[in-house]
Amino acid sequence: MLLGLCRLVILVSLLYPSAAFATQEHGGAEGLVSHELAHLFFLFATAYLLWKTASIRSYSPYIQLRRSAVFFFIWNIITFTTHILREYLHPAQFKGMLFRADNTISLLWYAGTILEHLFLVLACWYFLKTLLDLKKLFHHTEA
Amino acid sequence: MFLSLYPGLLVDFIGSLAVIVITFTAVRTSVHISRYAPDVLLFRYLFYQSIVLFVFAAGRATGHIIKRVLLLADRGDIWDMISPLSGGLNTLTFVAFSIIILMYVNVRSLSRQIKALIAEKKRYKSLLEYKTRIFDSMLFPAVVISEEYEILDANRPFIETYQGKNRKIIGRKCYEVTHGLPHPCASGDHPCVVKDVIEKGKTLISIHRHRTPIGDRVFELYTSPVYFEHIHKHAVIEVCRDITDEVNAEAERERLRRQIFQSQKTASLKTITEGIAHEFNNILVGILGNAELILQMSSDSRLRDRADKIIHASQRAEELIKKMLYCRRAMQSPKRPFNFRLFINDFYKIVLSSKPANVDATLRLDIDDITLTGDPEALNEAFINIVKNAFQAMPEGGRLEIDIYQTRKSKNDYLVIEFRDSGEGIEPQVLERIFDPFFTTRDVGSGTGLGLFIVRGIVESHEGEIEVKSTTNKGTSVVVYLPCH
């Protein structure tokens, strides 16, 4: 089912690539500010986690958790910035599947939309690694 | 400078797909970990975080699909309406994720907690190993049974003794495993002691016949009470000592003892009988000779009549003595090789011609041509005696089956001749004495009580054995074993 869903997303998007912005937009009724505040909160939480676990050096699951927090932290910064940069872009810069990057802001936004996913995947991956390490640790003691 | 938006689009899809798969796996893994230690707060937080991450990933992908479908249908207005919901969910998941982080980061000494938990698990594992090794190294099968007759644990000897092919033992009912019963044992010779032991709180010893993959075995069971405090459950631990060999050895000893006793008794009786018969025969010669002289010399009719009666009685006594001495003659008769198959066919013809009309007789021969060494006339006499007894045991009619086959007994090959009748059977107290000379259950004058005595003598003179099994009102089985030399 999951695979089917993903196939559908890919098919629909490749066939109809109109207004394809990789980073989620948060305008309108929701408001950019509330979303950006959530990002800041997330940023703070991950920073706090890193600070609290700074003394842990050799404990494998915590190391993975710290790595996950680092990548979540970077992802938050990139996404936070990308959302702000999006506000400075003009609709005329988008022509079908082409984007006119004529200044630094445009280039940064373009890079941000691609990079944020990379860091999100890495953050989620290390979060999963934390759980897998814990599972392995318990499985080892059970066996 | 124009840049393609496709790379962003591609990264978006691949990234979304990867995040969905990763977070879904994280949810499953966190569920798995929570099972190990459901009380540890950190694991619960990690589980919630996994859920939130999955909702974030799935929500984002769903939002993208809806967006693209609506834009394709030229309904951007609907997307404008619902996009705040999608974005709102996105925002909510960030907040939830952050709150959870802040919650578990503040739980002090989490790593110490996990380490302690692991250490406890290791200690538990080592204790479990220690207990299992002791339990498994026991010489006898042992099993822990709950109050509801469920097998909670069993050591290796128990599993090896009772587990057949592909049969599981733990979790099954004890009466199913050890007795093959659908209900707890309740009969008089198999009283179930589980409830008694729990109630009385002391060890009880009982003897049970258990069903094992190698056949029925007799076990001496030592059942002791156990109380599991942490789950408030009563149970018993049962140690099963296989005493089948001891029981069989005891039965064999008893059988031999009785056999020796019987042989000694028979030998004594034989000596006495033969001695009396010989002496009595000498006396009879005198009585008979003198009675015949009186008959010849006297003309007194009354005296002649008396002498005639003396001669008649003496002749009857002579017949009896002949029978008494027949056993010795049969035992001492010369042995010669003969074809047993031909012999038994001739014997069966006699059986068929002499059987009462209301008796069915069958012969089953499960042997090849066998040459036996013996006295066929004496054996014929013995078998006819057995068959006569069988016919007399079925006055209302019945069935006589004669089975002949070979068997191996005490490392020797034997030819078995089994006579089974469906007659009235023999009482156990009578059965013990049927081979005694002059023992008869018939009316005085209608039987000498020497028939089976002679049969036994003949069989033993052939180095054979004779066994009689009988059930009252069901029938009797006489089994003759003759060695195949």
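Coordinates for the structure precede this section.
Small disclaimer: the values here were computed from a predicted structure and weren't measured.

Turning our eyes to something else, we now look at the overall build of chain B. A tally of regular secondary structure across chain B gives 13 helices and 13 strands. For chain B, the proportion of its 485 residues judged to be buried stands at 41%. Taking the contacts inside chain B whose residues are at least 6 apart along the sequence as the reference set, 59% of them involve residues at least 24 apart. For chain B, the accessible area works out to roughly 27400 Å², and carbon and sulfur atoms hold 56% of it.

Attention shifts here to the overall build of chain A. Helix and strand counts for chain A stand at 4 helices and 2 strands. Tracing chain A from N to C terminus, the helices and strands come up as α-α-α-β-β-α. Sequence separation of 24 or more characterises 68% of the internal contacts of chain A that already satisfy a separation of 6 or more. In the structure as shown, chain A presents an accessible area of about 7100 Å², 70% of it carried by carbon and sulfur atoms.

What follows covers the pairing of strand 12 (residues 465-471) of chain B. All names here are of chain B. In this structure, strand 12 lies alongside strand 13 (residues 475-483), joined through 7 bridges in antiparallel fashion. Among the inter-strand pairings, T471 is bridged to a residue of strand 13, identified as G475. Linking strand 12 to strand 13, which pair antiparallel, is a turn of 3 residues; within it N473 sits at a positive phi near 65°.

Next up on the list: helix 10 (residues 340-354) of chain B. Residues and elements named next belong to chain B. The end-to-end C-alpha distance of helix 10, which contains 15 residues, comes to 21 Å, matching closely the 21 Å that a straight helix rising 1.5 Å per residue would cover. What helix 10 keeps buried is the set F340, F343, I344, F347, Y348 and V351. Angular distribution of buried residues about the axis of helix 10 spans 135°; they occupy a single face of the element. Structural note: helix 10 exposes L342, K349 and S353 on the side pointing more than 90 degrees away from its buried face. Buried positions along helix 10 lie against strand 7 (336-339), strand 8 (359-366), strand 9 (371-374), helix 11 (376-392), strand 10 (398-409) and strand 11 (412-421). For helix 10, the side-chain oxygen to backbone nitrogen distance between the N-cap and R341 is 2.9 Å, and the N-cap itself is N339.

What follows covers a nonpolar patch on the surface. Residue and element names in this part refer to chain B. Taken together, I272, I276, F280, I283, I287 and I310 make up a surface patch of nonpolar side chains, about 520 Å² in accessible area. No other element matches helix 8 (residues 244-297), which puts 5 residues into the nonpolar patch. Looking at where I276 falls in the secondary structure, it is placed in helix 8. Assessed through its relative accessible area of 47%, I276 is described here as partly exposed.

Covalent bonding between the sulfur atoms of two cysteines defines a disulfide. Overall, the coordinates contain 0 disulfides over all chains when judged by the stated rule. With no disulfide of its own, B:C174 lies closest to B:C192 among cysteine sulfurs, the gap being 5.9 Å.

For the rest of this paragraph, the subject is the sheet that holds strand 11 of chain B. Residue and element names in this part refer to chain B. Pairing in this open sheet of 5 strands is mixed, and the strands run 8-10-11-13-12 from one edge to the other. Strand pairing shows two members of the sheet lacking a second neighbour, strand 8 and strand 12, which therefore form its edges. Adjacent strand axes in the sheet meet at a mean angle of 15°, parallel and antiparallel pairs treated alike. As defined by bridge partners, strand 10 adjoins strand 11 across 10 bridges and the pair is classed as antiparallel. Among the inter-strand pairings, E401 is bridged to a residue of strand 11, identified as R420. Against the sheet, helix 10 makes contact with strand 8, strand 10 and strand 11, and its axis sits at roughly 175° relative to strand 8, the strand it touches most.

This part is about the nonpolar core. A:F72, A:W75, B:F43, B:L46, B:I101 and B:Y104 are the most contacted members of the largest nonpolar core, which has 50 residues in total. When residues of this core are traced back to their parent elements, those giving at least two are helix 2 (32-52), helix 3 (60-86) and helix 4 (104-142) of chain A together with helix 1 (6-36), helix 2 (41-72), helix 3 (76-105) and helix 4 (110-137) of chain B. The greatest single-element share of this core, amounting to 10 residues, is contributed by helix 4 of chain A. For A:W75, the contacting residues outside a window of four places in its chain are A:H39, A:F42, A:E116, A:F119, A:L120, B:F56 and B:F94. B:A277, B:Y348, B:I367 and B:F391 belong to the second largest nonpolar core, which has 49 residues in total.

Let's shift gears to the environment of B:V144. All names here are of chain B. Mapped onto the secondary structure, V144 falls in strand 2 (residues 142-146). Classification of V144 by relative accessible area gives buried; the value is 9%. Apart from the residues lying within four places of it in its own chain, the contact partners of V144 are F135, E150, I151, L152, D153, F228, A235, V236 and I237.

With that out of the way, let us pick up the packing of aromatic side chains. Residue and element names in this part refer to chain A. Within this structure, the stated rule accounts for 29 aromatic pairs over all chains. An angle of 35° between the planes, with centres 5.1 Å apart, marks the rings of F94 and F99 as tilted. Ring geometry for F99 and Y110: centres 6.2 Å apart, planes at 5°, overall stacked. With F99 in strand 2 (residues 98-100) and Y110 in helix 4, this residue pair connects regions lying 11 residues apart in the sequence. Accessibility expressed as a relative area gives 13% for Y110, which makes it buried.

With antiparallel pairing, 3 strands are arranged side by side in an open sheet as 1(A)-2(A)-1(B). The open sheet has two free edges, formed respectively by strand 1 (94-95) of chain A together with strand 1 (2-4) of chain B, since each of these has just one partner strand. Relative to strand 2 of chain A, strand 1 of chain A runs antiparallel, the two being bridged by 2 bridges. In the sheet register, A:F94 faces strand 2 of chain A, and the bridge partner there is A:F99.

Now for unusual backbone geometry. Residues and elements named next belong to chain B. One non-glycine residue, D74, lies in the positive phi region at around 60°. Secondary-structure assignment places D74 in the loop between helix 2 and helix 3. At N473, a residue that is not glycine, the phi angle is positive and equals roughly 65°. Relative to the helices and strands, N473 is located in the loop between strand 12 and strand 13. Judged by relative accessible area, N473 falls into the exposed class, the value being 64%.

As a further point, take the packing of helix 2 of chain A against helix 3 of chain A. Helices that pack against each other are described as a pair by the angle of their axes relative to one another and the distance between those axes. Residue and element names in this part refer to chain A. Two numbers describe how helix 2 lies on helix 3: the axes approach to 9 Å, and their chain directions differ by 155°. As far as their axial angle goes, helix 3 and helix 2 are roughly antiparallel. Where helix 2 crosses over helix 3, the handedness of that crossing is left-handed. For the contact of helix 2 with helix 3, the class distribution of residues is 16 nonpolar, 6 polar and 2 charged.

Analysis parameters
- Residues numbered from 1 in each chain as written.
- Chains lettered and ligands numbered in written order.
- Predicted model: local features only at pLDDT ≥ 70, side-chain atom pairs only at ≥ 80, totals over all residues.
- Heavy atoms only, no water.
- Helix = DSSP H or I, 4+ residues; strand = E, 2+ residues; numbered from the N terminus.
- Buried < 20%, exposed > 50% of the residue type's maximum accessible area, 1.4 Å probe, protein only.
- Contact = heavy atoms within 4.5 Å.
- Areas by Shrake-Rupley, 256 points an atom, 1.4 Å probe, with all protein chains shown as cover.
- Pairing = 2+ DSSP bridges.
- Expected span 1.5 Å × (residues − 1).
- Arc of directions from axis to C-beta.
- Polar contact = N/O pair within 3.5 Å; in protein donor to acceptor, adjacent residues only side chain to side chain.
- Patch = residues over 30% accessible without salt bridge, like charges linked within 9 Å, V, L, I, M, F, W, Y side chains within 5 Å.
- Salt bridge = Lys/Arg side-chain N within 4 Å of Asp/Glu carboxyl O.
- Disulfide = S-S within 2.5 Å.
- Axes fitted to C-alpha atoms, helices over the stretch in contact; angles between N-to-C directions.
- Core = buried A, V, L, I, M, F, W, Y, C linked by side-chain atoms within 4.5 Å.
- Phe/Tyr/Trp six-rings, centres within 6.5 Å; stacked < 30°, edge-to-face > 60°.
- Parallel < 35°, antiparallel > 145°, perpendicular 65-115°, else oblique.
- Left-handed = near helix turned anticlockwise from the far one by under 90°.
- Nonpolar A, V, L, I, M, F, W, Y, C, P; charged D, E, K, R; others polar.

So far we have only geometry, and geometry alone does not tell us how the molecule works.
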